[in-house]
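# Tertiary structure, described
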Amino acid sequence: MSSDEYDGYDLSEFTSQELAVVDANVSHMLRSIPERTASSAGPKIHIALEPSCTRVERSLAQQSNVVTASATASSTLHFVTAAADSPYSRFCSWKGAFSVTDLVGPTWCELQYEYGLFGQKEKPLHLRPSSFISRSGKQILVQSDRATSSNRRLKRGKSTHQALENELRPVKLTVTVTTPEERFGLRIVQLITGFNEIITGGKTRELPVFGIIHGHAVVGVIDEVVQVCTTSESMNRPDGGVTSPSIDGDTGAGLQSSGTSSQGTYTLGLIDYKTRRAEYLPPEEDSRTPKLQLMLYHRMLSSLLTPGMVDFDLLWSLMNLDPNKRFSHNFVRDIGWADATSNGEVCTDLNSLVSEWVVIARREKIEEGRMKGVNAELQLVYRRALDRTEGRDKGNGRKEYVELNEPLQALASEEPLVIASAIAEKLPESGVEGEGAISIAIAIAEKIKLPCPPEHYPSVWSQLVSAGSDQEDAALQWAIQDSLLTCAEKARTAWYLSQNEPVVKGSGPSSVSVFAEAKHQNRNLDVSKMSPIIGTRKFLMDDPLLDSHLDDILQWWMGSRKPRGVAVSHTYRCFTCEYQRSCEWREEKAKEAAKLAEGLLEI
């Protein structure tokens, strides 16, 4: 048997499929690196370095805002073998691909996301178990009231997104899929259809994207993609290069299109919509998840628009799809492509659909040169989420349903003496007793009662938990946040019983979205009135930040590390979590605080 330079390595831990993925990744990387032609001397392989993060820190006036998917970020080899009991092996491997939500959702709280997987949160509320066993073997009880509130928030968000899509596409087509290949083929069809809408109409909504990220297949759907005129054309436009307000009448989203196509060159602006019950923007740290979400969309769409950047052979292998398997007659008929496409052939399998996509993207980007890539400026648009009861005649016997999702909001309804007593009762567990405990408790209770804009609640919470001390005292901080959450929960329960009892007890019509009812009355909804824009956040694509996050979160998905809970300063997030009472991270932190307190008491 011949030997080579790899004989010294033990590769037995890798399966043949995993080795095939590595080979395909390396092959793709080598194909995407151009050869040097300026000189015959030196190596023929051109080494391209990833751009420095300082690129995204420059002002908009100093850079072009155009990224054209180089071979750096998306083709770098990052392959981690999944452990047998990892979240990936248990909940994701059967799909063959991550969703974008899978990769960014845990940012809010990894432990909450993992509990959601074990607790089957993807199922309708009535089909989920009331308890489940965690990865470590502990029984986790689900707080049904919080699960109901969380489900209500999710439905409101879906209703808003559906209304926005209906506004652009009032007529829906039904397509029957019978195989995994047809299901993914429909994704490509929707991508092509949406891209054609951008070319002809200036924007599209719910645009599917997919790609290979750090060695794994990833799929997602972009809320909105619009044409953004490039600088040369925008200098001659009164709107400064951004098309006029959207057809829904909103003026808060700076990248939105008027529904007309630019006649000159343009970039693609990506917009993601988020709905909130609150009438103010969330703090920056709570916007991290949707920011990473848009960055992933940017990377995948940039790759799809660059010939050769997506290794479709590897994609089919990862997702266990046969690109040569013929579509059924019904599928071809339903998508409306029974006639010849732009390349003169009928799309009968995944390969032919990919060929059609490549033809369209190449024509718009390379041959005609109009589309200049994906804009590096990304935009989050926050909309107000309304319930069916809002805006209705209060004479109908219904009450407006109001949620208390912020602990400080609930504490505002409580008496300062009650708050101070709850804190003082808890502080001895941290080693602070007597007059010291009473003094701290009174000071915190007084600060809670000070006037405070709701948008400042998270930062105020962090200040309260730290007890105004410059020195970090983990035991004291834990005792304060625990007492505040307990007191806030009691206040919330009392408030609900006094204000919302007729609504909060049931799961009837009050939980139905305003859009679900209104769509039967008038399909031409004014979304700007039913879900008005609260505000927007603009930021730049940051490849190093995205890669750092992906490296880290894949370690958890593959079982290389345990999930992390939130920082103590962010424990206000626990106030809406249906797993708080059984949370293993909170139990672990409480034990750590107790040990620290014991050490202080011994001294």
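Figured I'd write up the structure that's included with this text. (Residues numbered from 1 in each chain as written. Predicted model: local features only at pLDDT ≥ 70, side-chain atom pairs only at ≥ 80, totals over all residues. Heavy atoms only, no water.)

## Observations regarding the overall build of the protein chain
To keep things clear, this is the line we draw: Under the scheme used here, helices are H or I runs from DSSP no shorter than 4 residues and strands are E runs no shorter than 2 residues, and both carry numbers assigned from the N terminus. Throughout, exposure labels follow a simple rule: accessible area from a 1.4 Å probe, protein chains only, divided by the maximum for the residue type, with under 20% read as buried, over 50% as exposed, and the rest as partly exposed. Should any heavy atoms of two residues lie within 4.5 Å, those residues are considered in contact. The accessible surface values rely on the Shrake-Rupley method and a 1.4 Å probe; as for residues, cover is taken only from the protein chains in view.
Tallying secondary structure elements over the protein chain gives 21 helices and 10 strands in all. Here the protein chain holds 603 residues, and the buried ones make up 48% of them. Summarising the internal contacts of the protein chain: among those between residues at least 6 apart in sequence, 76% fall at separations of at least 24. Accessible area for the protein chain stands at about 29300 Å²; split by element, carbon and sulfur atoms hold 53% of it.

## A few points about the pairing of strand β8 (residues 371-375)
Each regular strand displays side chains that alternate between the two surfaces of the sheet. Note the following rule: Two strands pair under a simple rule: DSSP has to find at least two bridges between them.
Taking burial as the measure, the 5 residues of β8 include 4 buried ones, the bulk of the element. By the bridge criterion, 2 bridges tie strand β7 (residues 266-276) to β8 in an arrangement that is parallel. From the neighbouring strand, Tyr 266 faces β8, where its bridge partner is Met 371.

## Quick word on the packing of helix α6 (residues 180-201) against helix α11 (residues 350-367)
To keep it simple, the criterion reads: To get an axis, a line is fitted to the C-alpha atoms, and for a helix only the part in contact is used. The angle between two axes follows their N-to-C directions and goes from 0 to 180 degrees. Orientation categories follow fixed angle ranges, with anything under 35 degrees roughly parallel, anything over 145 roughly antiparallel, 65 to 115 roughly perpendicular, and all other angles oblique. In a left-handed crossing the near helix is turned counterclockwise from the far helix by less than a right angle, and in a right-handed crossing that turn is clockwise. All residues other than Ala, Val, Leu, Ile, Met, Phe, Trp, Tyr, Cys, Pro, Asp, Glu, Lys and Arg, Gly among them, are scored as polar; the first ten of these are nonpolar and the last four charged.
Two elements in contact, α6 and α11, have axes separated by 10 Å at closest approach and are oriented at 15 degrees. With respect to each other, α6 and α11 are oriented roughly parallel. Viewed along their axes, α6 and α11 form a crossing whose handedness is left-handed. Along the contact surface, α6 presents Glu 181, Phe 184, Gly 185, Ile 188, Val 189, Leu 191, Ile 192, Phe 195, Asn 196 and Ile 199, while α11 presents Leu 350, Leu 353, Val 354, Glu 356, Trp 357, Ile 360, Ala 361 and Glu 364. Looking at the contact of α6 with α11 residue by residue, the class counts come to 13 nonpolar, 2 polar and 3 charged.

## Details of α6
An α-helical segment advances 3.6 residues per turn. Residues three or four places apart therefore align on the same side. Under the convention used in this document: In this analysis, the expected span of each helix is defined as 1.5 Å times one less than the number of residues it contains.
The first and last C-alpha atoms of α6 sit 31 Å apart over 22 residues, in line with the 32 Å expected at 1.5 Å per residue. Note on α6: the residue one or two positions beyond its end, Gly 202, has a positive phi of about 95 degrees.

## Quick word on the pattern of salt bridges
As a reminder of what qualifies: Note on definitions: salt bridges are taken to be side-chain nitrogens of Lys or Arg within 4 Å of carboxyl oxygens of Asp or Glu.
Scanning all chains against the criterion turns up 24 salt bridges. For Arg 135, the salt bridge is made with Glu 114, and the minimal N-O distance between the two is 2.6 Å. In this pair, Arg 135 sits in the loop between β3 (131-133) and β4 (139-141) while Glu 114 sits in helix α4 (residues 110-118), placing the two residues 21 residues apart along the sequence. On the basis of relative accessibility, which here comes to 25%, the residue Arg 135 falls in the partly exposed class. Note on Glu 114: relative accessible area 4%, which makes it buried.

## Remarks on the nonpolar core
Under the convention used in this document: Buried Ala, Val, Leu, Ile, Met, Phe, Trp, Tyr and Cys residues form a nonpolar core when they are joined through side-chain atoms within 4.5 Å.
Counting residues in hydrophobic clusters, the biggest one holds 75 residues, and the most contacted among them are Phe 184 and Trp 557. Per-element tally for this core: the top contributor is α6, with 9 residues. Sequence-distant contacts of Trp 557, that is, excluding residues within four places in its chain, are made with Ser 86, Pro 87, Tyr 88, Cys 92, Phe 98, Asp 102, Leu 103, Pro 106, Tyr 113 and Leu 117. Residues Leu 111, Val 465, Leu 484 and Ala 597 belong to the second largest nonpolar core, which totals 48 residues.

## A word on the state of the cysteines
Rules: Two cysteine sulfurs form what is called a disulfide whenever their separation falls within 2.5 Å.
If you walk through the whole model with that rule in mind, you get 0 disulfides. Left without a disulfide partner, Cys 583 is nearest to the cysteine sulfur of Cys 109, which lies 6.4 Å away.

## Considering the packing of aromatic side chains
Applicable threshold: Aromatic rings from Phe, Tyr and Trp, taking only the six-membered ring of Trp, are treated as a pair when their centres fall within 6.5 Å; an angle between ring planes under 30 degrees marks them as stacked, one over 60 as edge-to-face, and anything in between as tilted.
Counted according to the given criterion, the structure contains 17 aromatic pairs. Between the aromatic rings of Phe 210 and Phe 312, the centroid separation amounts to 6.3 Å while the plane-to-plane angle is 70 degrees, which identifies the pairing as edge-to-face. Of this pair, Phe 210 sits in strand β5 (residues 203-213) while Phe 312 sits in helix α9 (residues 312-318); the two residues are 102 residues apart in sequence, bridging distant segments of the chain. You can call Phe 210 buried: its relative accessible area is 2%. On the basis of an interplanar angle of 35 degrees and a centroid distance of 5.6 Å, the ring pair of Phe 312 and Trp 316 is categorised as tilted. Of the two residues, Phe 312 and Trp 316 are both situated in helix α9; the distance of 4 residues between them amounts to about one turn of the helix.

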